[in-house]
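# Remarks on the overall topology
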Amino acid sequence: MTQQKDKTITGFSKLSKRGKIKWIVENFFQHPETVMRELKSYWLANEDHQKILDGISENTISNYHLPYGVAPNFVINGKTYAVPMVTEESSVVAAASSASKFWLSRGGIHAEVIGTVKLGQVHFFFRGKKSTIVGCLPALREYLHEHTQDLTANMRKRGGGVLDIQLKDFTHQMPDYYQLLVSFETCDSMGANFINSVLERYAQSLGHFFHEVLGVPEDQVEVLMSILSNYTPDSLVRAWVECPVEELGEFKGGIGPREFATRFCHAVRIAEIDTYRAATHNKGIFNGIDAVVIATGNDFRAIEACGHAYAVRDGQYRSLSGCEVKEGIFRFWLEVPLAVGTVGGLTSLHPIAKRSFELLGNPTASELMMIIGAVGLAQNFSALRSLVTTGIQDGHMRMHLSNILVKLNASAEEADATRAHFADKQVSYQAVRDYLMTLREPATKGQIQTP
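An account of the accompanying structure is given in this report. (Residues numbered from 1 in each chain as written. Predicted model: local features only at pLDDT ≥ 70, side-chain atom pairs only at ≥ 80, totals over all residues. Heavy atoms only, no water.)

### Points about the overall build of the protein chain
- A count of helices and strands for the protein chain gives 17 helices and ten strands.
- The principal-axis extent of the C-alpha atoms belonging to the protein chain is close to 95 × 75 × 50 Å.
- Taken over 451 residues, the protein chain has a buried fraction of 44%.
- Counting only contacts in the protein chain whose residues sit at least 6 apart along the sequence, the fraction spanning at least 24 positions is 70%.
- The protein chain carries 45 positive and 48 negative side-chain charges, and their two centres are separated by 4 Å. (Helix = DSSP H or I, 4+ residues; strand = E, 2+ residues; numbered from the N terminus. Buried < 20%, exposed > 50% of the residue type's maximum accessible area, 1.4 Å probe, protein only. Contact = heavy atoms within 4.5 Å. Lys, Arg positive; Asp, Glu negative; His and termini not counted. Charge placed at Lys NZ, Arg CZ, Asp CG, Glu CD.)

### Details of the pairing of strand β6 (residues 177-185)
- Buried residues dominate β6, accounting for nine of its nine residues.
- Of the two faces of β6, the one lined by Y177, Q179, L181, S183 and E185 and the one lined by Y178, L180, V182 and F184 are each fully buried.
- Pairing of strand β4 (residues 118-126) with β6 involves eight bridges; the strand directions are antiparallel. Across the sheet, residue K118 finds its bridge partner in β6, namely F184.
- With eight bridges joining them, strand β5 (residues 161-169) and β6 adopt antiparallel strand pairing. Bridge pairing links V162 to F184 in β6. (Pairing = 2+ DSSP bridges.)

### A short note on the nonpolar core
- In this structure, F74, M85, L248, F330 and F332 are the most contacted members of the largest nonpolar core, which totals 62 residues.
- For this core, the leading source of residues is helix α14 (residues 365-387), giving eleven residues. (Core = buried A, V, L, I, M, F, W, Y, C linked by side-chain atoms within 4.5 Å.)

### With respect to the packing of aromatic side chains
- Applying the stated criterion to the full structure yields 24 aromatic pairs.
- With centroids separated by 6.1 Å and ring planes inclined at 85°, the aromatic side chains of F422 and Y435 adopt a geometry described as edge-to-face. Here the residue F422 occupies a position in the loop between α16 (412-421) and α17 (429-439), and Y435 occupies one in helix α17, the gap between them amounting to 13 residues. Both residues of the pair, F422 and Y435, count as buried.
- One aromatic cluster is present, built from ring pairs that chain together F102, W103, F251, F260, F264, F330, F332 and F381. (Phe/Tyr/Trp six-rings, centres within 6.5 Å; stacked < 30°, edge-to-face > 60°.)

### Observations concerning unusual backbone geometry
- At N59, a residue that is not glycine, the phi angle is positive and equals roughly 55°.
- For N59, the location among the structural elements is in the loop between α3 (47-54) and β1 (68-76).

### Some remarks on the pattern of salt bridges
- Under the definition given, this model contains 18 salt bridges.
- The shortest N-O distance in the salt bridge between R238 and E112 comes to 2.4 Å. With R238 in strand β8 (residues 236-244) and E112 in strand β3 (residues 110-113), this residue pair connects regions lying 126 residues apart in the sequence.
- Under the relative-accessibility criterion, E112 is labelled partly exposed at 32%.
- Between R238 and E335 there is a salt bridge whose closest N-O contact spans 2.6 Å. Note that R238 is positioned in strand β8 and E335 in strand β10 (residues 329-337), a separation of 97 residues in sequence.
- For R238, a relative accessible area of 22% translates into the label partly exposed. (Salt bridge = Lys/Arg side-chain N within 4 Å of Asp/Glu carboxyl O.)

Printed below as a string of structure tokens:
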């Protein structure tokens, strides 16, 4: 039996970038020199930017590029935006752009911020008499506020800070377990570092409060952990579109406005009652939301976690959007929690994120919430419009055609011919491959056939 080469290493993080790449390619790739050149090529072209990116994450050896696109013609509350979107999925930017254009002549997209409250928690065990902890909250609030004045001073000057502290009793579910649920306003920052700093100070002060103020022995209080919550149901935005049903116009397949409105509302209703459909329905919403969140340097993982938790807030996972036709008016809306920032973190550090904010007119955090909500709504509208009319694959596969052509190594002439050929035909990987084979037959003698 051949002994496997040891591919472990000590001190990898201490190697230079070139040293990291050298070790990686020599141990895990068949053609190390080729791979080394490729990995280096993505950062040698702009080493100044690379230094910034190296400070963002650990053990960086290269960059992973994603398409940075723009969806124009987004009219939100009467203001026009060109929205930056970072996504690798075909048709996402096109779908958002198509929906924004559709509603451009129908009043645009409306949006409002319902709330901007963010949450954090201190989890602890109290093993003393329950009567001791009951009723201590007013004194505890005052004590914690007093011991965090230095941390909250700047945020309070900006109009934010700690809004409330609640004491939650979970002893019926876990012996001796209590929680401080803390509400924050973080203004234009997402606020994760601020929230976690305050919570950790609370955790340090909690034991002192019980011991010094209430006279509880130290061994009766144990702080387990303190951390922000990514579930922020009170940091909520609503976006909606509406118009008279007749103004929806005609759709492919001979579908009139009334039939379209009915079919569209049925599709949304199915996503409200069926979890299997709701998961795909909401994923489509996040196709748009994530793309803007990433483009602006915000945390798309936190946004998704919060959104999906919100979708199941009543015990069943449901659609984040709703639809109705009432008194002849078609109305389609989206409610989604978004905890985003426009200052701090990657928002002011990543070079392209800074350009994204400039492109959007340097919005406040509340304005960014409305922009992101509007894009999520637009994305959902385009997906449902396709589903209830032509089907999703027609438009998606046409957008995917470019990817297929790249994968099949089509030349520029072959690509042009293929796009012309499939202008009125259904696109599939197999069909494109078969057509390219006809173009490449020896009988053509190297010439591209005219479709």
